[in-house]
Amino acid sequence: MRVVVCVKHVPDIQQPRSLRSDGLLVRGGDDDTLNELDEDAVEAGLRTAEAAGFPAEGHDVTVLTVGPSAAVESLRRGLAMGASTAVHVHDDAVAGSDAIATARVLAAAVAKLHAEQPVDVLVAGMAALDGLTSLVPAALAELLGWPQLTLADRIEVADGVVSVRRETSTDVEELTAPTPAVLSVTDQAFRARFPNFKGIMAARKKPVTTWTLADLDLAESAVGPAGSATRVVHAVERPERPDRVLVTGDAETVPALVDYLSQKGFA
Amino acid sequence: MSEQENRAAGRVAVLVDHLDGAVRPTALELLTLARGLGLEVHAVWVGYSAPSAELAAHGADAVHEVAVDGADAQLTASVVDALQTVLPAIGDVGLLLVPSTFEGREVAARLAVRTGAGVVTGASGVAFEDGRWTAHKSVLAGAWDTACAVTGPLAVVAVAPHAVQAVAQDGAAEPSVVRHTAEASAAARAVTVVSRTRRPTSERPPLAEAEVVVVGGRGVEGDFSGVEELADVLGGAVGATRVATDEGWIGHEAQVGQTGVTISPRLYVGLGVSGAVHHKGGMAASATVVAVNSDPDAPIFEFADYGIVGDLTEVLPALTAELRRRRG
Ligand SMILES: Cc1cc2nc3c(=O)[nH]c(=O)nc-3n(C[C@H](O)[C@H](O)[C@H](O)COP(=O)(O)OP(=O)(O)OC[C@H]3O[C@@H](n4cnc5c(N)ncnc54)[C@H](O)[C@@H]3O)c2cc1C
């Protein structure tokens, strides 16, 4: 069984975040971290591989990221959780790629891994906590020509068929598709394991392969601002609202709140 | 828009989200938004028997019904196959509006790969500016406002609920209804739907679409009955924080936040909710935020329009009673 998990190194959402004058997110702070929702993807990938016999010979869980040098930290975290190998696509030309252009780079890396040793499933998190677009998994499926089974909360792989359970806004579905397939997972079912000391030590010795665009046969024009069909043209921090009301008290505060609600047309 | 700009902007297509033959309210918002752009509006309905008069009343000049042959029509790839058949048939589509749901965004992603379109998600508005479709959206949990221009041949904009209010117009002309059939792609055929069960629906409006959402957090300490009562008085939906759903006080489908449902109601009421950034990310687009929390330092007071530092066990019943009393 070969599983590839896509992970992203993002600014910590608990810390103040800001945009540069060109509208791109300020990255590279000390607090940047593995996107929390991708920990669940790593967990799902590990459990899927473990059900097939990982970590025995012939099985592999690769964590894959596209990002600046610091993104290697997120790969180390995935390795510490138990992934066996890591791939870091690092090329300055990639900076400023939108979600679709980023997916193009990830897809090229997955295709290269697949050519080396066939991949059974590709797993991603449900969203990256910086952009929150959730575009990448579906874009990867389209780019690779693999079936998409997204927002899964249960995964089984047997005899070349992936089965998932998922909840849409209206239904609960069970879907199947032949491998290789692209999955994304919600944060509901795969509560991530915490790397232990042994895992952290072992992760230091595990290999991290670094690829550039040239290794992936991707032109610079396919990525970055040139390869993105969207461009931020305006970004301003929202000003503090001057008209906030804060009152202290219990039931006696309620009539004033109801007046406020009725002014707004709710009462 | 001038005649010249009109031609450059092209036509507008709207993917109409529907369930059991009924249009989702957010789709009517998308049509209203499209109508306001002053261009020809084409509604795309996957399946047959679209309620064309309703779609026309909200802005559709033409309705395109499309059956997908060879795969389950609800699958993302099938919807993309349908759009790929219909968009060239309409011709000159410069802008496609889809709902900014998980499903809508996934459709946008696949279509972008197939067509080179640019995608903007979670948009609060869209306009043709400086010769390009430009979408406006707030990012970083509502702290920043941005405008994102689409440089590709087609702009696919995923619009947040309640970006506009749906308004029906009297006397809309009967739209032309065109039927199409799309061949399912290999990507759609590869997926088998083993089972599909409708989730139980409540009497209340669906969370993502509700105009009023009343949210209970850890502060309700396990009892959602007061939250539900207030929601009913306000005609709204009930939401919850992740803490409340993790505790099992209410189903997971009620979770509002970055990993739960994204909401943008006209009124959000948070009861015993601290306003953690994960939660804020899913409700920052709410037009008016009211919070009741006993801790004056709770982060929610930093973005609430109206905050009460108080005990919700006192404030909540009084609020529900006062609203009822004033309505008589
Ligand atoms: C990856 C990840 C994703 C997450 N996604 C989400 C998400 O989508 N949605 C989400 O909500 N959370 C999410 N969380 C959790 C989030 O970080 C917070 O833990 C959560 O939102 C807090 O919920 P709360 O406000 O109910 O609880 P708390 O933070 O514990 O706050 C409870 C508040 O109630 C107040 N209170 C208590 N008693 C009373 C009383 N009697 N009267 C008035 N006030 C009272 C307290 O003062 C306190 O401020 C996520 C976390 C992670 C790690």
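An unreviewed UniProt entry lists chain B under the name Electron transfer flavoprotein subunit alpha/FixB family protein, from Kineococcus endophyticus. Here chain B is described in UniProt, under the heading Sequence similarities (unreviewed entry), as follows: "Belongs to the ETF alpha-subunit/FixB family." On record in UniProt, under Cofactor (unreviewed entry), the comment for chain B is "FAD".

As annotated in an unreviewed UniProt entry, chain A carries the name Electron transfer flavoprotein subunit beta and is attributed to Kineococcus endophyticus. Here chain A is described in UniProt, under the heading Function (unreviewed entry), as follows: "The electron transfer flavoprotein serves as a specific electron acceptor for other dehydrogenases. It transfers the electrons to the main respiratory chain via ETF-ubiquinone oxidoreductase (ETF dehydrogenase)." Entered under Subunit (unreviewed entry) in the UniProt record, the comment concerning chain A runs "Heterodimer of an alpha and a beta subunit."

Draft legend 1. Representation of the overall build of chain A in the model. Broken down by element type, chain A carries six helices and 13 strands. The C-alpha extent of chain A, read off along each of the three principal axes, is 70 × 40 × 40 Å. A burial count over chain A gives 52% of its 267 residues as buried. Of the contacts made within chain A by residues no fewer than 6 positions apart, 70% connect residues no fewer than 24 positions apart. Of the accessible surface of chain A, which amounts to about 11500 Å², a share of 51% is contributed by carbon and sulfur atoms. Taken as two groups, the 24 positive and 38 negative side-chain charges of chain A have centres that lie 2 Å from each other.

Draft legend 2. Inspection of the site of the ligand at higher detail. In the vicinity of the ligand there are 25 residues, among which Arg 218, Thr 241, Gln 255, Ser 274 and Asn 293 of chain B approach most closely. Per-site note: the chains with residues close to the ligand are chains A and B. For the ligand, an oxygen atom lies 2.7 Å from a polar atom in the side chain of Gln 255 of chain B. The backbone of Val 256 of chain B places a nitrogen or oxygen atom 2.8 Å from a nitrogen atom of the ligand. Taken by itself the ligand offers 990 Å² of open surface, and the protein chains cover 80% of this. Breaking the shell around the ligand down by element, the ones donating at least two residues are α8 (242–246) and α9 (277–280) of chain B. For the shell around the ligand, the per-class residue count stands at five nonpolar, 15 polar and five charged.

Draft legend 3. Molecular detail of the nonpolar core. In this structure, Leu 83, Leu 111 and Val 156 of chain B are the most contacted members of the largest nonpolar core, which totals 38 residues. For this core, the leading source of residues is helix α4 (residues 76–90) of chain B, giving eight residues. Beyond its immediate stretch of four places on either side in the chain, Leu 83 of chain B contacts Leu 15, Val 44, Pro 88, Leu 96, Val 107 and Leu 111 of chain B. Listed in part, the 35 residues of the second largest apolar core include Val 5, Val 121, Val 162 and Ala 181 of chain A.

Draft legend 4. Summary view of empty space enclosed by the protein. If you walk through the whole model with that rule in mind, you get one cavity of 30 Å³ or more. If you add up the space inside the largest cavity, you get close to 40 Å³. As for the largest cavity, its lining consists of Met 126, Ser 134, Pro 137, Ala 138, Thr 150, Leu 151 and Ser 184 of chain A together with Phe 102 and Glu 106 of chain B. For the lining of the largest cavity, the secondary structure elements donating two or more residues are α4 (136–144) and β7 (148–158) of chain A together with α5 (102–115) of chain B. For the lining of the largest cavity, a count of residues per class yields five nonpolar, three polar and one charged.

Draft legend 5. Looking closely at the UniProt feature "domain: Electron transfer flavoprotein alpha/beta-subunit N-terminal" (unreviewed entry) in chain A. UniProt marks residues 22–220 of chain A with the feature "domain: Electron transfer flavoprotein alpha/beta-subunit N-terminal" (unreviewed entry), using the numbering shown here. Helix and strand shares over residues 22–220 of chain A are 31% and 27% respectively, and the end C-alpha atoms of the span are 20 Å apart.

Draft legend 6. Spatial organisation of the interface of chain A and chain B. Contact residues are listed per partner, giving 77 residues for chain A and 82 residues for chain B. Buried surface at the junction of chain A and chain B, both sides included, amounts to about 7100 Å², of which 56% is carbon and sulfur. The largest share of the area that chain A buries against chain B comes from Glu 142, Arg 238 and Phe 266 of chain A, three residues that together contribute 10% of it. Linking Glu 173 of chain A and Arg 196 of chain B is a salt bridge whose minimum nitrogen-to-oxygen distance equals 2.8 Å. Taken together, chain A and chain B are joined by 41 residue pairs in polar contact (both at pLDDT 80 or more). Elements with a minimum of two residues in the side of chain A that touches chain B: α1 (36–51), α4, β7, β8 (161–167), β9 (171–178), β12 (230–237), β13 (245–248) and α6 (254–263) of chain A. Looking at the side of chain A that touches chain B residue by residue, the classes come out as 39 nonpolar, 18 polar and 20 charged. Examined bridge by bridge, β9 of chain A and strand β13 (residues 192–198) of chain B share six bridges and lie antiparallel to one another.

About the criteria used
- Residues numbered from 1 in each chain as written.
- Chains lettered and ligands numbered in written order.
- Predicted model: local features only at pLDDT ≥ 70, side-chain atom pairs only at ≥ 80, totals over all residues.
- Heavy atoms only, no water.
- UniProt positions renumbered as here; feature names shortened; annotations may be inferred.
- Helix = DSSP H or I, 4+ residues; strand = E, 2+ residues; numbered from the N terminus.
- Buried < 20%, exposed > 50% of the residue type's maximum accessible area, 1.4 Å probe, protein only.
- Contact = heavy atoms within 4.5 Å.
- Areas by Shrake-Rupley, 256 points an atom, 1.4 Å probe, with all protein chains shown as cover.
- Lys, Arg positive; Asp, Glu negative; His and termini not counted.
- Charge placed at Lys NZ, Arg CZ, Asp CG, Glu CD.
- Near = heavy atom within 4 Å.
- Polar contact = N/O pair within 3.5 Å; in protein donor to acceptor, adjacent residues only side chain to side chain.
- Nonpolar A, V, L, I, M, F, W, Y, C, P; charged D, E, K, R; others polar.
- Core = buried A, V, L, I, M, F, W, Y, C linked by side-chain atoms within 4.5 Å.
- 1 Å grid on protein atoms, 1.4 Å probe; cavity = no way out; pocket = protein on both sides within 12 Å on 5 of 7 lines; lining within 4 Å.
- Points joined across faces, edges and corners; volume = space filled by probe spheres on them.
- Buried area = accessible area lost by both parts, 1.4 Å probe.
- Salt bridge = Lys/Arg side-chain N within 4 Å of Asp/Glu carboxyl O.
- Pairing = 2+ DSSP bridges.

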